[in-house]
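Listed below are the residues making up each chain.
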Amino acid sequence: MAPGVERSFTAASTIEEALAARRQGASVLAGGTWMMRDPRRGVDLPEAVVALHRIPALSKVEVEPDHVVIGAAVTHAALGRALRGSAGFEGLVAAAEGAANPGIRRVATVGGNLCALDFAAADLAPALLVCEATVELQTFEGPRLLGISDFLKDRHALLTEAIVTRIHLRRDLIASAHIRLPLRQAGDYPVAIVSLAVDRNKRCRIAVGSVEPVARRWTALEQAMAAGPASALDPQRVAELALEHNDFQGRDGKEADGWYRRQVLPPLVKRGVAALLSTEGVAWL
Amino acid sequence: MVVTFQLNGEDCRLDGDPMTPLVDILRQERFLTGTKAVCREGFCGACMVHVDDEAVPSCLKPIGLVQGCAVTTIEGLSSGNQALHPLQANFEAADAVQCGMCFPGMVMSLSAFVRDNPHASRPEIKAAMVGNICRCTGYERIVDAVADCLDQARKAGQLAGGIHV
Amino acid sequence: MSELSATVMNLPRRDARDKLRGRTKYTNDRARPDMLHAVLLRSTVPAGRIRKLDVSAALRCPGVRAVATGADAPGLYGIGIADHPLLAIDTIRYHGEPIAVIAAETEKQARAALAAIVLEIEPLAPVFTMADALQPAARLVHEGWRGYEVITEGGARAGNIAWEAKSSRGDVDAAFARPDIRIVESSFTVGRQSHVPFEPRVAIGSWEDGRAHIQTSTQVPWTVRNVTGKVMQLPPGRVRVTVPPVGGGFGLKFDASIEPITALLARMTGRTVVLENTRQEEMATCLCRENAEIRIRSAVTAEGYIAGREAVVLMDCGAYGGEQVFLTTMTAHTLGGNYKVGATRLVSRAVYTNTPPNGAFRACNGVYNTFALERHTDEICEALGFDPMEFRKKNVLGDGDLGATGQVFEADVLGPMLDRMETLRASTGTSEAKADGRLYGIATTVGTWFVFVGPSAATVNLNADGSATLVTSGVEIGSGTMVQSLPQIVAGQLGLAPDQVIVREADTDAAGLDVGVGGGRTTVSIGAASVAACAEVREKLLRTAGEMLQTRPEDLLLRDGRVEITGRPGSGMSIPAVVAHAQATTGPITGSGAFTAKNTPAMSGCAMGHFIDALDIPVFVVHEAEVAVDADTGHVEVLAYRVVQDVGRVLNPRAVMGQIQGGVVQGLGYALHEEVTITADGRIAQDDFETYRLPLAQDVVPVAADLYEGAPSMGPLGTKGAGEVPILAVGAAIGCAVARAIGKPVRQLPLTPPRVLRLLHEREPPPEFPHIAPGWASNTLG
């Protein structure tokens, strides 16, 4: 920032106000846990920021009988509290309550987690992928709804002229699980994440985070499972399929190489299926 | 930009860069050096403060986001000649402290935790400490002291008619 | 023994309350608005020649008050050899090396002015590994190595070999040529460990009445004093060092680093200057526990007698010799410890590379040599079919056995300690059931350390209020020696309560020489000096009281704040009354004491290039670990950990238990989590808390410990240092337990999940050292 220039900081109270600031070039500030580390990465903090925490609509979780709406400014801790005990959302709750560490979870938001472009290990991304969440954006042209998969793929371009406002979830899951693999018991970013869910049609959805730069559904494995009987939700059997259909290119990082991230996927899937089977929702199996 | 908030119960008005981390204001402008800036990335917990009664890392909290909030630091937890917080008293009695630099943050994290989780188990206490690193002690004595503190509070509570920490 | 009963107790820490309230002012809490802030310009290349360095534009930047370069502090410093400039002079030897420093009114202004420094560096081909450095045609990291001042004589040096120490006892060739032996050879490699003290290296320098005053977070105030004098070309007496409470050291602060810079800038500006490493700087230039490469060969008979042993230990000192030069000595006592061996020869080389310099870390050199020795011992047992516990019981050092330098060990200590471990295990039970389907391993290992004693001084002033002031250069780094064992010792000697003993913060102007807090020496050395000081105080006190009571001094004793006539409790008079009388008649009662090593000799011709010939105070440990390994992910969970530690005499059992828990957990970090790697451009890759993984609360277990008392020690009241060794055998115990769990040889630490999974899948190449010659003698400078 040039000397003498005062940083612009807008605490927007409406989405419109936030969008106006965004249009003038302000960067969106959520909890701050990612952006505040920019200087450490050698990136200057933005000259203008717009904070979303004062927009009431973005700071609440609405839990309805057939759907759930999560404001982008809801923290991980608040999301976990709101959905704890809701059948079908076990995985999302585990993601919200297992990410990073307790202090960060009280500050870091859902929107921030999805919009941190270089953050491959975001816990909520695979968890929301198996929820088949819809991302609501406010763009300069108006509101827009987008599937989470498409959002994650295109977010780099999308976010240049949009703000993530809400996440919409259908309540069509009967069970879900979220298996994260940090290198310690907890506290570091997971080197691999597997999220799983079973919907009302007894179809299994699986997503993988942190293994590749962006989280994605494990379509090959889902299809292989769909080809078998529903009763085939057997941990060992699914792990074998995972081994057979492992189409991930693991990313190399300081903490783990690509080989390792890829190698641990079948066992994580196995654990995930076991976790699914332990939920009430799949007692029918 | 002007930011106003409550700091240890008193009005605090600042005029400065709204993206300044709260920890820098506390240490450099208010000389509240009990809040330690160790990793400055939210991993170590040495800079934990209470913002509106929630324990959060002050290194990642831009002051623009504390406008209108109530901030309590370790200095505000038991100020002046006030008695120690029961956790502090337990840590002292258990000889849990070594170099001591992690403890202000440890106390701020865990004081909020014991308030909200009076029946926490040992594994739950450990899970609550994931964002508080101690390089000296190997943690177990801290966990013991927290467990003892909860135990004492429960016993005192039962005697006093079920009031918890 | 009443002196002992008055000394041994679970005294709580007097500094805990302020620390818990955030009131303690560590050095980095003492920055004030009127101080200048210093920021370093550091190299962004690992090797090069400075072609141009022009700071004139930086001097004109807003707020800048001074800029210093190597030309302003031309003296070189070091341990053993003076090879280290304060700021790079002509040559860049590592990524991150300080080149210039700016002092400005604010840190922001100082940082902004960095960009105005004109710096041109001609890059040189870096030498990153010890293998590269030992190539016959390797570029020399220090071209002018021959011209350096040698501070300690005796070590062999050549080119990239900064220092070489050897020990040789008996006819090793003959032992290996015996027809009745089998030869077992093992190779090991270990990475660096970063200390991560919560308070980084930080100093505040001022220039007062023509002298430098440095307040700093250090373990070695006298080293800082002497190094500052050396690099600024001042008599060291013109430097005063004081030490506020230190926020963790673990050995990192056992050398001077940035402190003299603040004195230099203070002299240039007349202002007080604060310099604090950022966390990134702290980790990128951490004087880590060195990475090392070890090859051991042993000749063992079918009966399990170790007829001969030889080893080569390469220690990476990084760009400057530093502590590694001294630590080459330690191999004789760590790798050469634990077991009785017929004939033995060990060589330890500190090797220069273009990487950040390494330093001392708790049980330095011992941690990896113990890992290597204990894993090698298990490999011997496997190759020859011995039970590892029986083999250890049969071969551990006992009374009259010889160490690698020919020194004679006294008393059976390790043997009985192994028995005590079995008793401890019987009382705690084992945890195999917790493995719950994972691969389970248990291992019992031993370790040998020695307390490095060295000189200490103490003064005790007895005050008229009955309190005593202890003045030493000791530093409270968190281990509790200054707030627990020392006031306990002084109180026990003078019949006072420990809270009547005031402990003066280290000040080189007030107290005599001390080599610093490290190696587990403080309680022993400063404690012994304090006992000597108390003896003088006691003598004066009893003489005065004798006159007042008309009693012979030898019939008097000190108890509960009184001078009593022996056998008549409650008789005599209070100490304040005696002190007041003395002050009016013969003068205030003070005493001074000094202590140093007795320098146990080595056997003639056995030790070459050693800073210390033999162990004055050996310390032994027995560590046992139980682990479960997840074969799917490579995660190692520690299920249980047990320690039997030789403490000589324990003064504060609870404090020692706290040191054991903390030291073991640091060792678990080293064994399992904490990894340092060097990037392609010579940086430490893990320079933050995201990538450098310290153990967290969920990664640790309560350590069950048994304190073994009674082994001989020259320490006061029979004490030995207790804070250093808890980390000593953790890498060994974990490494051996994991190897047994997975059924594969473990030859490298840390055992991160990816490494363990690679071991399980046989994708981890065993260490190979083409730069270590097959013949032992070819690895020495002759």
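Residues numbered from 1 in each chain as written. Chains lettered and ligands numbered in written order. Predicted model: local features only at pLDDT ≥ 70, side-chain atom pairs only at ≥ 80, totals over all residues. Heavy atoms only, no water.

(A) Quick peek at the interface of chain A and chain C. Tallying the contact residues gives 21 residues for chain A and 22 residues for chain C. Between chain A and chain C, roughly 2100 Å² of surface is buried when both sides are summed, and carbon and sulfur atoms account for 56% of that area. Counting the surface chain A buries against chain C, the share from its top three residues, A:R184, A:K254 and A:W259, is 33%. Here chain A and chain C share six salt bridges between them. The partner of A:R271 in a salt bridge is C:D630, with the nearest N and O atoms 2.7 Å apart. Sorting the residues of the side of chain A that touches chain C by element identifies helix 10 (258-263) and helix 11 (265-277) of chain A as the ones contributing at least two each. Top element by residues in the side of chain A that touches chain C is helix 10 of chain A. It accounts for three residues. Its residues assigned to classes, the side of chain A that touches chain C comprises 10 nonpolar, three polar and eight charged. (Contact = heavy atoms within 4.5 Å. Buried area = accessible area lost by both parts, 1.4 Å probe. Salt bridge = Lys/Arg side-chain N within 4 Å of Asp/Glu carboxyl O. Helix = DSSP H or I, 4+ residues; strand = E, 2+ residues; numbered from the N terminus. Nonpolar A, V, L, I, M, F, W, Y, C, P; charged D, E, K, R; others polar.)

(B) Looking closely at the packing of aromatic side chains. Overall, the coordinates contain 15 aromatic pairs over all chains when judged by the stated rule. On the numbers, 6.3 Å between centres and 45° between planes, the contact of C:F198 with C:F689 is tilted. Separated by 491 residues along the polypeptide, C:F198 in the loop between strand 13 (181-190) and strand 14 (202-208) and C:F689 in the loop between helix 18 (653-673) and strand 32 (703-709) bring together distant segments of the chain. Here the aromatic rings of C:F326 and C:F452 are separated by 5.7 Å at their centres, their planes lie at 55°, and the arrangement is tilted. Of this pair, C:F326 sits in helix 10 (residues 322-327) while C:F452 sits in the loop between strand 21 (439-451) and strand 22 (456-462), and the two are 126 residues apart along the sequence. Relative accessible area serves as the criterion here: at 13%, C:F326 is assigned to the buried category. Each member of the aromatic cluster is reached from another via a ring pair, and the members are A:W34, A:F119, A:Y189 and B:F43. (Phe/Tyr/Trp six-rings, centres within 6.5 Å; stacked < 30°, edge-to-face > 60°. Buried < 20%, exposed > 50% of the residue type's maximum accessible area, 1.4 Å probe, protein only.)

(C) Region of interest: the pairing of strand 7 (residues 142-147) of chain A. All names here are of chain A. Pairing of strand 6 (residues 134-139) with strand 7 involves six bridges; the strand directions are antiparallel. When the bridges of strand 7 are listed, L137 appears paired with R144. The antiparallel hairpin formed by strand 6 and strand 7 contains two residues in its connecting segment. (Pairing = 2+ DSSP bridges.)

(D) Examining the domain arrangement of chain B more closely. Residues and elements named next belong to chain B. As assigned here, chain B comprises domain 1 (2-77) and domain 2 (86-159). Using only C-alpha atoms to locate each centre, domain 1 and domain 2 end up separated by 22 Å. Both faces considered, domain 1 and domain 2 share a buried interface measuring about 1200 Å² in area, 63% of it formed by carbon and sulfur atoms. In this structure, the connection of domain 1 to domain 2 is made through zero salt bridges. At the junction of domain 1 with domain 2, the criterion picks out six residue pairs in polar contact (both at pLDDT 80 or more). Every element with two or more residues in the side of domain 1 that touches domain 2 is listed here: strand 3 (48-51) and helix 2 (74-77). Ranked by residue count, the leading element in the side of domain 1 that touches domain 2 is strand 3, at three residues. Its residues placed into classes, the side of domain 1 that touches domain 2 shows eight nonpolar, five polar and two charged. (Domains from an automatic or database assignment. Polar contact = N/O pair within 3.5 Å; in protein donor to acceptor, adjacent residues only side chain to side chain.)

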